2 protein chains.
Amino acid sequence: MHFGPLFHPRGIAVAGASDSPGKAGNALVRTLSSFDGDLYPVNPAGGTIAGRQAYPTVAEIGAPVDLAVLAVPPRAVPGVLADCGKAGVAAAIVCSGGFAEAGPDGAALQDTVTAVAREHGIRLLGPNTSGFVNPVDGVFASFVPGVADLPAGPAAIVAQSGGVNLALCFLAAAEGLGVRLGVGLGNAVDIGFADVLDYLADDDKTTVIGLHVEGVSDGRRLVDAVARAAARKPVVALKVGRTGVGDFARSHTGAITGPYALTRAALAQAGAVVVDDPTGLVDALRALAARRVPPTARPGVGVLTGQAGPGLIIADALHAAGVSVPALTPASRARLRELLPPLTYQDNPVDTGRPAGTFPEVAATVAADPGVDALAVYALDEPGALDLAATVRAVADTVPVLVASGGPAATLDERQSELSELSVPLFRSPDRLARAMSALADDAAAAHRRAHRAAPARPAGRLLGPEPVDEHRAKELLTGFGVAAPARRACDTRAAAHQALTALGGPVVVKIRAASVIHKSDVDAVRTGVRTADALDAALDAIDRAAAGLGVEARYLVERQAAPGPELIVGGTRDPVFGPAVLLGVGGVGVELAPDPVLRLAPLSDVDIQDMVAALPSPLLAGYRGAPPVDRAAVGAAIGSVAALLLHYDDIAEVEVNPLRLTRDGPVALDAVIMFDRSAGEEEVGS
Amino acid sequence: MHFGPLFHPRGIAVAGASDSPGKAGNALVRTLSSFDGDLYPVNPAGGTIAGRQAYPTVAEIGAPVDLAVLAVPPRAVPGVLADCGKAGVAAAIVCSGGFAEAGPDGAALQDTVTAVAREHGIRLLGPNTSGFVNPVDGVFASFVPGVADLPAGPAAIVAQSGGVNLALCFLAAAEGLGVRLGVGLGNAVDIGFADVLDYLADDDKTTVIGLHVEGVSDGRRLVDAVARAAARKPVVALKVGRTGVGDFARSHTGAITGPYALTRAALAQAGAVVVDDPTGLVDALRALAARRVPPTARPGVGVLTGQAGPGLIIADALHAAGVSVPALTPASRARLRELLPPLTYQDNPVDTGRPAGTFPEVAATVAADPGVDALAVYALDEPGALDLAATVRAVADTVPVLVASGGPAATLDERQSELSELSVPLFRSPDRLARAMSALADDAAAAHRRAHRAAPARPAGRLLGPEPVDEHRAKELLTGFGVAAPARRACDTRAAAHQALTALGGPVVVKIRAASVIHKSDVDAVRTGVRTADALDAALDAIDRAAAGLGVEARYLVERQAAPGPELIVGGTRDPVFGPAVLLGVGGVGVELAPDPVLRLAPLSDVDIQDMVAALPSPLLAGYRGAPPVDRAAVGAAIGSVAALLLHYDDIAEVEVNPLRLTRDGPVALDAVIMFDRSAGEEEVGS
């Protein structure tokens, strides 16, 4: 879309303008007073507002107006917007609240507003937003007066909440990061994340983009726009709602995780750096505004300090964030031995002890190490002993560098100015330096992931029969996509079960076979280790009892018992917001008590699959309880198979293999559930 | 100890003083130049240093010197220190590095230094520290010049690292928090955490204490001192080393967690607020410097915002931190309905929409709610619409309040000054407000815990026999302390096993009985569900094979099979640093793959036990897979029993009950291991 009339208008009308201090319509006119185009207060009473002539309606302005900013009561919005349309206004911001966020009546009013805007071809920001700020072009379309002081700079903010947009812009400014554009989407009935992201991706004045995401209605549109933007410039994303309860992965084992985790995973998969809070977002933007690390699966960070204690804090935080702090080469260490006194720590982190004149050369040596892709430097400010600017200049030709220091605020302000001229940010605590460095590393890893992003998949057909499938059929389908399952027989009679035991040989597992019974062991309808006819009869008796109790027909599944091994869960779901998604985690009956599984949108790239497997608990990967190390390729293949099955049939709502047991002969699906989107099934019936 | 000569000396000598700019001995003299007592540079060459007469030795000063600061090469330290001793110096700081941190030679030199100091009765800070700062009394004993600008205030810092001490002091100052005393302990051969904590607990000028802990040598001494200090004023602690590998809980299931988790748990148990990083530490100090919430098991936080988006971030962060944000009473909500427009959110969080004149009264209403123990307020700065100072004044008589705002830096500086006069800190981002509020809530909960702290326990005796005990004996011991175990028979022969089956009735579990075999199922030496003589023989055959393979005698344990249920691990260990400690977590064979268990030092108070149980995963507590909700009292009793057993016999190195199965008849120890401190056993043999 063409955003010129919105973000860089020639004329602006403020509907609901007021001369009463404290009112939003007054603050808007005052805040916009530095606008160098034409500004028109609009108020039915006319008169003079903040020294400007007010017009009763937008239509009566009689001059070109690109943008109308509405601070009128919600019920008045449709009328004012229609008036704007007639006057040829191209874009509008509706600041007023009282729409969908306020209940059914508000939602109906919001639909009306949307329809009026569409009818008149007005692009709409909001409703329920504090607007946007464009310090580069001097447009401050917000009723919060302080925004007019926001410095221009390279960072764009796109926030779901108008309040958070301004909070982030102020935070950035306080850290010395200027703002290109800060947009609060509000209820986003027209202009959404994807529109603004596409605009910013093309905007040469935008160097780095920060996102604030609460809820998402079209997840794929968001992540595709993030991927497009991240290919051009860094994107940092904050997702709110960690503690919300969501719909994803309400599998037959219960709610495994919420949309928070899936949204974060999807944003990271698309190439965004995902952060935890506003401070982390601003620190990441500062780190990334200057220089990116080239795409790398796992970038190495060099850590150089003038005091060992902060160095330990930084290294600890980087390790905890999964960032590599690699050992230096023997050549680098030999050079450091020449440059440093013998008692200092000369690996990575490198601690110089109290800095001396060689500090810049030490920094250059660490930065030049082949394993080091970015350098983090922390040292207390010690005039005469430490020259941070010289240090930064010494590494400027090698890798990106981030610096933190401690000292009196005024002194650090000076250092920050010096480093700004070298396009290097100065942080003021070791932990914030470490978080910023994590963002730099995450961006490089995200770029690597994005370069290997899977192409979209098209479903091949529908699977749904009139009945849900039972475990036996589910395993057949999975086997067809490459997931092994134990040799087994679906038996309708006890006699058939006895034949199956003879054919398969013991030990076997005997289970109830009924699509409606998911938690078989909870109803005592599973027997393991069955070797003899007597034991089989006992097992069948138990299943018959369970079936009678449940009111289902007693059918059996007799299955060769798999070798022991660690157990995983591999699942797929069709998320209402993001569509097909898969999960991998520690499985078995304790799945709800295990650490959170890792999530990805499908289709999966090879890198996605590798990342998912690598996120399994390290004791499991290393070889758990005498098991050999996990065969990562085999587990990866199983995830890929589940994803492929989910993508192939678009009426599958959910696939769950739990457990996928890692035997010495490879991964085997010991239990499997496939559930369908029943509404899809009512329209069409397939095989 | 008497710290006057160290922290508030009358005369100071600087050994190793130098006139060469850039040298530590020069920076020390310059930094100390504002000291209003007598300052004596000491240098063998004499002459003039920074405009003061230098003395060849401390002895030659010929005037009273309380404190000597040594910036001399490490090998020179013992001699200079002896010289100080002869001159009657009471306290010394050894800034030089090159001692225990530098290897065996340094460690030997450190022992010499310690001995010299002891011989002369000199209290020693360091070696390997940048010293201390005492802005209140104008003593800046550090070679980092910027410290002389540190403002005096209420916060004391005690850091293991001299560099971190100064980094924290500068961070505090940058946030407007003045420093009472900042001490870097360095290698702490004499003055350690406990000494300084006891001093600060008594010091009327100290309002709040921040700790930075890397490693600890005497954990009990530290936590006892923290408990004493926290009874008087808030203590905030940062433990570094999240990613280190440690010794705690290297149980028979492997390394479950490291000393990082145990140290944090022990500090919190003693009454400290435990934070994650330096920024969090400073924010917590600011929050706690003004006012504490009275001791409360789970304080309720009211959240009031002028913009809903930041409110969501705050509420989300508080929820994630486990802080209660309780619903308001109907009376409070009714009053809010009168004060606010209809479309705002009037529960907790309370969002006013754009603030209006009623904002202070809204704040007072939320603060007065009986469920609210502290109030968090966030609003963008909107002159004319919002008066933060009036808001704070409106709640000053009710509960502690923390405020955050967004706006131009200069404006926020003004607001911060206004609020400072009301003893309320202003934060500048919603996430930092939430973290500070968590600290306030944690302090109240810690005070509640501390008020219920268990009295120290004295061991009653030793248990160790010449051999480790087997599972049967371990269960006998546990049963004696109150942990139920299944009915069982220890059998030395197959015939005895058959008698046991008859006596107990099936199904039984049959296991190898050998103290040396810990992972019985890994060697196929366990059979469950044994009901018949044939099945028993098959089980005994398997055990005989396993015993032969392991080269141990084939003995058996035949045990009545327990009813199904969720499984926990309850363990106890004697940590080398902290002594007796217990853990509780999700158990069973997947224990290494479960979320981290929760740890506490023993003895345990009732509150400790309640906290441990409450930290179990909520799906488990609520009733897992058809199980009833966990009987918290019964699980708590089992933890208490394990702790009691561990405390009773001081030669028990480790107790582990895994799994403790939660059956409908109560918790039952299905497996149990007790291991001994073998070195203790060599001295004494008991029953």
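As the structure is a computational prediction, the values presented were derived from the model and not from experiment.

### Section: the overall build of chain A
Helices and strands together make up the secondary structure of chain A, namely 22 helices and 32 strands. Dimensions along the principal axes, computed over C-alpha positions, put chain A at roughly 95 × 75 × 35 Å. In chain A, which comprises 687 residues, the proportion classed as buried is 59%. For chain A, long-range pairs separated by at least 24 residues make up 71% of all intrachain contacts whose partners lie at least 6 apart in sequence. For chain A, the exposed area adds up to about 24700 Å²; of that, 51% sits on carbon and sulfur atoms.

### Here we look at the domain arrangement of chain A
Looking at the assigned domains, one finds that chain A contains domain 1 (1-143), domain 2 (150-290), domain 3 (294-451), domain 4 (487-560) and domain 5 (567-683). A straight line from the C-alpha centre of domain 3 of chain A to that of domain 4 of chain A covers 63 Å.

### Section: the sheet that holds strand β1 (residues 11-15) of chain B
Residues and elements named next belong to chain B. On the basis of which strands lie adjacent, the open sheet formed by five strands has the order β2-β1-β5-β6-β7 and parallel pairing. Strands with a single pairing partner mark the edges of an open sheet, and in this sheet they are β2 (38-42) and β7 (123-125). Going from strand to strand, the sheet's axes swing by 20° on average, the running direction of each strand aside. Relative to strand β6 (residues 91-94), strand β5 (residues 67-70) is paired through four bridges, and the arrangement is parallel. Residue pairing across strands places A68 opposite A92, the latter belonging to β6. In the packing of helix α2 (residues 24-31) onto the sheet, the strands contacted are β1, β2 and β5, and the crossing angle to β1 comes to about 165°. Where helix α3 (residues 77-86) meets the sheet, it contacts β1, β5, β6 and β7, and its direction lies at approximately 165° from that of β5.

### Description of the relation of the copies chain A and chain B
Between the two copies, chain A and chain B, the superposition gives an RMSD of 0.1 Å; the rotation angle is 180° and the shift along the axis is 0.0 Å. This pairing of chains is accounted for by a two-fold axis. Residue A594 of chain A of chain A places its C-alpha closer to the rotation axis than any other residue of that unit, at 2.4 Å. Of the interface residues in chain A, 100% have counterparts in chain B that sit at the interface too, so the contact is made through matching surfaces.

### With respect to unusual backbone geometry
The step from N658 of chain A to P659 of chain A runs through a cis peptide bond, and the omega angle for that step is 5°. By secondary structure assignment, the location of P659 of chain A is in strand β30 (residues 652-663). With an omega of -5°, the peptide bond running from G506 of chain B to P507 of chain B counts as cis. Summarising the element assignment, P507 of chain B is placed in the loop between α17 (494-504) and β24 (508-512). Here S423 of chain A, not a glycine, exhibits a phi torsion of approximately 60°, which is positive. The topology assignment puts S423 of chain A in the loop between α14 (409-421) and β22 (426-427). Phi is positive for A50 of chain B, which is not a glycine, with a value near 50°.

### Thoughts on the state of the cysteines
All names here are of chain A. Counting across every chain of the model gives zero disulfides over all chains. The thiol of C84 is unpaired, and the distance to the nearest cysteine sulfur, on C95, comes to 12 Å. Among the residues examined, C84 registers a relative accessible area of 0% and is labelled buried.

### Quick notes on the pattern of salt bridges
What the rule picks out here adds up to 78 salt bridges over all chains. Linking R432 of chain A and E175 of chain A is a salt bridge whose minimum nitrogen-to-oxygen distance equals 3.2 Å. With R432 of chain A in helix α15 (residues 430-451) and E175 of chain A in the loop between α5 (162-174) and β11 (179-184), this residue pair connects regions lying 257 residues apart in the sequence. Residue R432 of chain A is classed as buried on the basis of its relative accessible area, which comes to 12%. For R180 of chain B, the salt bridge is made with D203 of chain B, and the minimal N-O distance between the two is 2.7 Å. With R180 of chain B in strand β11 (residues 179-184) and D203 of chain B in the loop between α6 (193-202) and β12 (208-213), this residue pair connects regions lying 23 residues apart in the sequence. Grouping residues by exposure puts R180 of chain B and D203 of chain B together as buried. The network of salt bridges with common partners includes E471, K475, K511, K520, E559 and D671 of chain A.

### Structural notes on helix α18 (residues 533-550) of chain A
Residue and element names in this part refer to chain A. Here α18 spans 25 Å end to end across 18 residues, near enough to the 26 Å set by a 1.5 Å rise per residue. Buried-residue contacts for α18 involve α17 (494-504), β24 (508-512), β25 (526-530) and β26 (556-560). At the exit of α18 stands G551, carrying a positive phi of roughly 70°.

### Some thoughts on empty space enclosed by the protein
Space left empty within the atom packing is revealed by a probe, the size of a water molecule, rolled over the atoms. Summed over all chains, the structure comprises five cavities of 30 Å³ or more. Counted as a void, the second largest cavity has a volume near 60 Å³. Lining the second largest cavity we find S405, G406, G407, A409, L412 and R428 of chain A together with A167, F170, L171 and A174 of chain B. Among the elements of the structure, β21 (401-406) and α14 of chain A together with α5 (162-174) of chain B are those that each provide at least two residues to the lining of the second largest cavity. Class assignment for the residues of the lining of the second largest cavity results in six nonpolar, three polar and one charged.

### Quick look at the side chain of R286 of chain B
Residue and element names in this part refer to chain B. Take R286: it is sitting in helix α9 (residues 278-290). Of the polar contacts made by the side chain of R286, one reaches the backbone oxygen of L426; its length is 2.9 Å. Those residues in contact with R286 that lie beyond four places of it in its chain are E175, L177, Q416, P425, L426 and F427.

### Focus: the packing of aromatic side chains
Working definition: an aromatic ring pair is given by the centre-to-centre distance plus the angle between the planes. Residue and element names in this part refer to chain A. Tallied over the full model, the rule gives twelve aromatic pairs over all chains. Ring geometry for Y40 versus Y55: centroids 5.8 Å apart, planes at 75°, classification edge-to-face. With Y40 in strand β2 (residues 38-42) and Y55 in the loop between β4 (52-53) and β5 (67-70), the pair connects residues that are 15 residues apart, well separated along the chain. Relative accessible area serves as the criterion here: at 10%, Y40 is assigned to the buried category. Judged by its relative accessible area of 15%, Y55 falls in the buried class. Here R286 stacks its cationic end above the ring of F427, 4.7 Å away from the centre of that ring.

### Observations regarding the interface of chain A and chain B
Counting residues at the interface gives 70 residues for chain A, matched by 71 residues for chain B. Summed over both partners, the interface of chain A with chain B buries about 5400 Å², with 65% contributed by carbon and sulfur atoms. Area buried by chain A at its contact with chain B is led by R354, L593 and R625 of chain A, which between them contribute 14% of it. At the surface where chain A touches chain B, the tally comes to zero salt bridges. If you look at where chain A meets chain B, you find eight residue pairs in polar contact (both at pLDDT 80 or more). The set of elements that each furnish at least two residues to the side of chain A that touches chain B consists of α2 (24-31), α5, α9 (278-290), α10 (308-320), β20 (374-380), α15 and α20 (618-622) of chain A. Among the elements that make up the side of chain A that touches chain B, the one with the highest residue count is α10 of chain A (eight residues). Looking at the side of chain A that touches chain B, its residues break down into 36 nonpolar, 19 polar and 15 charged.

### Section: the sheet that holds strand β1 (residues 11-15) of chain A
All names here are of chain A. Spatial strand order, β2-β1-β5-β6-β7: five strands in an open sheet with parallel pairing. Lying at the two open borders of the sheet, with one neighbouring strand each, are β2 and β7 (123-125). On average, adjacent strands in this sheet sit at an angle of 20° to one another, irrespective of strand direction.

### Notes on α17 of chain B
Residues and elements named next belong to chain B. Taken as a whole, α17 has its buried residues at A497, A500, L501 and L504. The buried residues of α17 all sit within an arc of 100° when viewed along its axis, so they share a single face. Across from the buried face of α17, at angles greater than 90 degrees, the exposed residues are Q499 and T502. Structurally, α17 contributes buried residues whose contacts are with β23 (488-491), β24, β25 (526-530), α18 (533-550) and β26 (556-560).

### Quick notes on the nonpolar core
For soluble globular proteins, the rule of thumb is that nonpolar side chains tend to be buried together. Core analysis: the largest hydrophobic core is formed by 238 residues, its most contacted members being F132 and L211 of chain A together with F132 and L211 of chain B. Among residues more than four places away in sequence, those in contact with L211 of chain A are V158, F193, L197, V226, V235, V236, A237, L238 and L281 of chain A.

### Description of the pairing of strand β29 (residues 598-601) of chain A
Residue and element names in this part refer to chain A. Neither face of β29 is open: one carries V598 and R600, the other L599 and L601, and all of them are buried. Relative to β29, strand β28 (residues 579-586) runs antiparallel, the two sharing four bridges. Pairing of A581 across the sheet is with L601, part of β29.

Basis of the calculations
- Residues numbered from 1 in each chain as written.
- Chains lettered and ligands numbered in written order.
- Predicted model: local features only at pLDDT ≥ 70, side-chain atom pairs only at ≥ 80, totals over all residues.
- Heavy atoms only, no water.
- Helix = DSSP H or I, 4+ residues; strand = E, 2+ residues; numbered from the N terminus.
- Buried < 20%, exposed > 50% of the residue type's maximum accessible area, 1.4 Å probe, protein only.
- Contact = heavy atoms within 4.5 Å.
- Areas by Shrake-Rupley, 256 points an atom, 1.4 Å probe, with all protein chains shown as cover.
- Domains from an automatic or database assignment.
- Pairing = 2+ DSSP bridges.
- Axes fitted to C-alpha atoms, helices over the stretch in contact; angles between N-to-C directions.
- Least-squares fit on C-alpha atoms with pLDDT ≥ 70 in both.
- Disulfide = S-S within 2.5 Å.
- Salt bridge = Lys/Arg side-chain N within 4 Å of Asp/Glu carboxyl O.
- Expected span 1.5 Å × (residues − 1).
- 1 Å grid on protein atoms, 1.4 Å probe; cavity = no way out; pocket = protein on both sides within 12 Å on 5 of 7 lines; lining within 4 Å.
- Points joined across faces, edges and corners; volume = space filled by probe spheres on them.
- Nonpolar A, V, L, I, M, F, W, Y, C, P; charged D, E, K, R; others polar.
- Polar contact = N/O pair within 3.5 Å; in protein donor to acceptor, adjacent residues only side chain to side chain.
- Phe/Tyr/Trp six-rings, centres within 6.5 Å; stacked < 30°, edge-to-face > 60°.
- Lys NZ or Arg CZ within 6 Å of the ring centre and 35° of its normal.
- Buried area = accessible area lost by both parts, 1.4 Å probe.
- Arc of directions from axis to C-beta.
- Core = buried A, V, L, I, M, F, W, Y, C linked by side-chain atoms within 4.5 Å.

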